[in-house]
Each structure stands twice: as C-alpha cells, then as structure tokens.
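Geometric and topological summary
This is what each chain is made of:
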Protein chains: 2
Amino acid sequence: MLRITTYNWVPVFAQGYVRDLPLRWACEEMSLPYELRLITRQDKDSKEHRKLQPFGQVPVLEDGDVTIFESGAILLHLGEKSEILLPKEASKKARARTWVFAALNSIDPVVREFRAAADNADKQEWAKLRQPQALENMKNRLRELNQWLQGREFLEEQFSVGDMMMTIMLRNIEPEILAEFPEVAKLQATCEARPAFQKALAAQLKTFAEHSP
Amino acid sequence: MLRITTYNWVPVFAQGYVRDLPLRWACEEMSLPYELRLITRQDKDSKEHRKLQPFGQVPVLEDGDVTIFESGAILLHLGEKSEILLPKEASKKARARTWVFAALNSIDPVVREFRAAADNADKQEWAKLRQPQALENMKNRLRELNQWLQGREFLEEQFSVGDMMMTIMLRNIEPEILAEFPEVAKLQATCEARPAFQKALAAQLKTFAEHSP
C-alpha cells in the first residue's frame, strides 16, 4: 500500500498547509488507499528520516520499491497511475507537468518571499522594508496567471495535477489579495470545492487533532 | 526539429545563466539537433509570446505538437527521449525526477532569496539587513545536500536530469561559498566538465555574442 510520511502534529497556523495535502488529495481523487508513517518534528533530523528526505522535510512517499520526496515529484508519480489526474497523451501530459513546475518555480517563490516579509513585518525591519516590493512581485505573477485563465475553467482543458499543485500554492495567499485576481480566485475555489480535496483536508486536520500535545 | 525559444541577447552578467542552458545541455548529451527561435527582451511581453509562456519568460520548447515552458518540465520531456538522462525503470526514474524538483523547489528558493539580498545589499537597506540570515538559510540547505552526497559521485547512482538541474541552480552561488561544501562543489565541477555542458554553454554565449547591440 502507498505510505505517506508526514508529521503527527504541527502548530495550528500550519495545520491544513502541510505538504502531505496534495498527496492525500491525489489519493482521494483516484480512490487509492494510503497509510501514514507519522513522525514528530524532532524525528525530522534523525538519520533514519534524512535517508528518506535529505532536507529533513515532509512528505515522503513509499510505493513498493519507489521511495521519493518533493511533493511535485510525488504528484507526477501518483498521477501516472491513471488518466484521472494526468493524461497519457504526450502533449497533454507535458502541459499538465508544465503547470506543476510553474506552481512550484514561478508562483511559489514569489509567494514565499511575500510570506517571509509579510509575516515578519511587525518584528523585523528588513521585512517591513521589503514587504511592498514583495507584494508587488507576487501580484505581477498573479496578474499573468489571471490573464492565462481568461475563458478557461482549469489551467488546461481538463483538471490535472497542475491545477492541484497550483491550488496548494495559492492557499498561502490571503483571500483579500487573491480576490483582486478573479480568475485565479475562481480556480482555487473550484479546486478546493472538489470532494476529494475536502476529504484530504479533513484527513490532515484529523491526524493533527488526534496527536495534539 | 526541436525548437528552443530564448533571448537573442542579455546583459553580460546574465550571459551563461539564461535557462535555455539546461535544454541545450540535454540536447548535447543526447546528440539531438535543435533550432532557436530568438526573441528580444521587448518581445517577451508580446501577445504572441505570452501565448507560449504566460509569465513572459524563456525558455519555451516546441517539439512537434508539444509546446511547453518551465525548464524543469522541459528537462523531463527531453529526458524521456532516451535512457541517457532519465532511466526508464520506475523507481530510478522517480528518483531522478525527485532531484529535478529538489533543485527547483528546495535549493533554488534559498539561492534566489540570498541573491536578491546579496546583489542589492549596497543599494537597499532591507537587503543589507536580510543578507546574513539569507546566507545562513542557503548554507543550511547546502550542508544537507553535502551530507547526502557523501560517498556518491552523482545525486543517484547514475548521472541524470536531476544532476543537470542541480548544477544549473548551483551556478548562481559564489565559488567561495560553494567551496565550504566540498561534495556539492565536486558535483558541480564534475557536471560542468562534461563536454556536452561545455558545448551548450559555448552555444549560449555565441548566440549572445552574435546579437550584441
């Protein structure tokens, strides 16, 4: 059976945002059962875990003799199990994969930089000074994404791992900011409304509730 | 024939660092011919280019009916053309892909944040204040990567697209800093010494030399 390594508990602000979420979501979309290997945040620095994840992060996926980390790589691996999340036809598959990378390398970096500035602006001088430009950089990317989404329901013709990874990245942006980019906000709302997403989110929150210290 | 869209010219500091480099490199490793579609930096905002690349960046790859952007997605697409850069066996393929994502989403973000701070530290107050922590964050990741590389020549048993993307990311770090992480520095040196890398780098520099304004 598929085995997902993730934390047994994280502080409330991180609950619903741990990156096992896209993995659980993919499993729910394809009705694939999975089991959990839960670690504490202290375990992440153990030799055992570093063998599975050199950067001491979660998630890790074990699937028979395949052991991989990086949620993008895992999403491609899971996606290839059917045509539900990743078309088999070469050109469509390539497009869906492109959006997984775009989410992680064109959207995530500007979101991360904005979060680092915004979340520390009241405590650190650099963050207060940086926040306006970091916000502007993020908005520029969101504007471009919004333009692409004009007249489309999803990033490409059909829902795919690309939309999933994009949704996961967009969750880190305040709804008030996203609302300025209606097509982007709509994509996120459409994807988060999927029963499989809701099940995956509830499952992550349940794990943390069960292991609350 | 494969067609790579890139800039006809960029300022000297960016020459050798434009992300068509991993694509040219993959083509050289597999002895695949490619042609160029050169655009100016003004063209990147044209409607025509935005249809190919919603964020107005390069590179774009056209391969028959496949048109994709994001250098990571393109590297996977090219890698699948043979076993030279991406093993066909499921578990090895999954590992190689994991490292492409690790380069782009675990290494690149800390390098980018360091570069943004370091390159602006003499001009902007936020950058001067942020530089020490950004450097520390980057070094932490490099230390973890260095640990993984102990006793290995490449990130996995054989050279793959994962090593290629990692090399491309590491090129954005000063050699003096990389030298503190000898296994990482060795990986980069080994990969950059490959004839295919050298050919690809020379080809990128030649394009810019030919279009120097």
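Provided above is the structure to which this section pertains.
On a predicted model such as this, the values are computed, not experimentally measured, just so you know. (Residues numbered from 1 in each chain as written. Chains lettered and ligands numbered in written order. Predicted model: local features only at pLDDT ≥ 70, side-chain atom pairs only at ≥ 80, totals over all residues. Heavy atoms only, no water.)

This part is about the interface of chain B and chain A. Facing 45 residues of chain B, the contacting portion of chain A comprises 45 residues. Carbon and sulfur atoms supply 59% of the area that chain B and chain A bury against each other, a total of about 4,000 Å² over both sides. At the junction of chain B with chain A, the criterion picks out 4 salt bridges. With a closest N to O distance of 2.7 Å, B:Arg50 and A:Glu144 form a salt bridge. Elements represented by at least two residues in the side of chain B that touches chain A include exactly helix 2 (47-52), strand 4 (66-69), helix 3 (71-79), helix 4 (90-118) and helix 5 (125-149) of chain B. (Contact = heavy atoms within 4.5 Å. Buried area = accessible area lost by both parts, 1.4 Å probe. Salt bridge = Lys/Arg side-chain N within 4 Å of Asp/Glu carboxyl O. Helix = DSSP H or I, 4+ residues; strand = E, 2+ residues; numbered from the N terminus.)

Attention now moves to the pairing of strand 4 of chain B. All names here are of chain B. As judged from the 4 bridges shared by strand 3 (residues 60-63) and strand 4, these two strands associate in the antiparallel manner. Of the residues in strand 4, the one forming a bridge with glutamate 62 is threonine 67. Joining the antiparallel neighbours strand 3 and strand 4 is a turn of 2 residues, in which glycine 64 adopts a positive phi near 60°. (Pairing = 2+ DSSP bridges.)

In this section: the environment of B:Ala14. By the element assignment, B:Ala14 lies in the loop between strand 1 (2-7) and helix 1 (21-29). As a C-alpha pair, B:Ala14 and B:Gln204 span 190 residues in sequence and 11 Å in three-dimensional space.

A word on the packing of helix 6 (residues 161-170) of chain A against helix 8 (residues 182-192) of chain A. All names here are of chain A. The N-to-C vectors of helix 6 and helix 8 enclose an angle of 110°; their axes lie 9 Å apart at closest approach. On the basis of the axis angle, helix 6 is roughly perpendicular to helix 8. Contact with helix 6, carried on its side by Asp163, Met166, Thr167 and Leu170, involves Val184, Leu187, Gln188, Cys191 and Glu192 of helix 8 and no other residues of that element. Taken together, the residues of the contact of helix 6 with helix 8 break down into 5 nonpolar, 2 polar and 2 charged. (Axes fitted to C-alpha atoms, helices over the stretch in contact; angles between N-to-C directions. Parallel < 35°, antiparallel > 145°, perpendicular 65-115°, else oblique. Nonpolar A, V, L, I, M, F, W, Y, C, P; charged D, E, K, R; others polar.)

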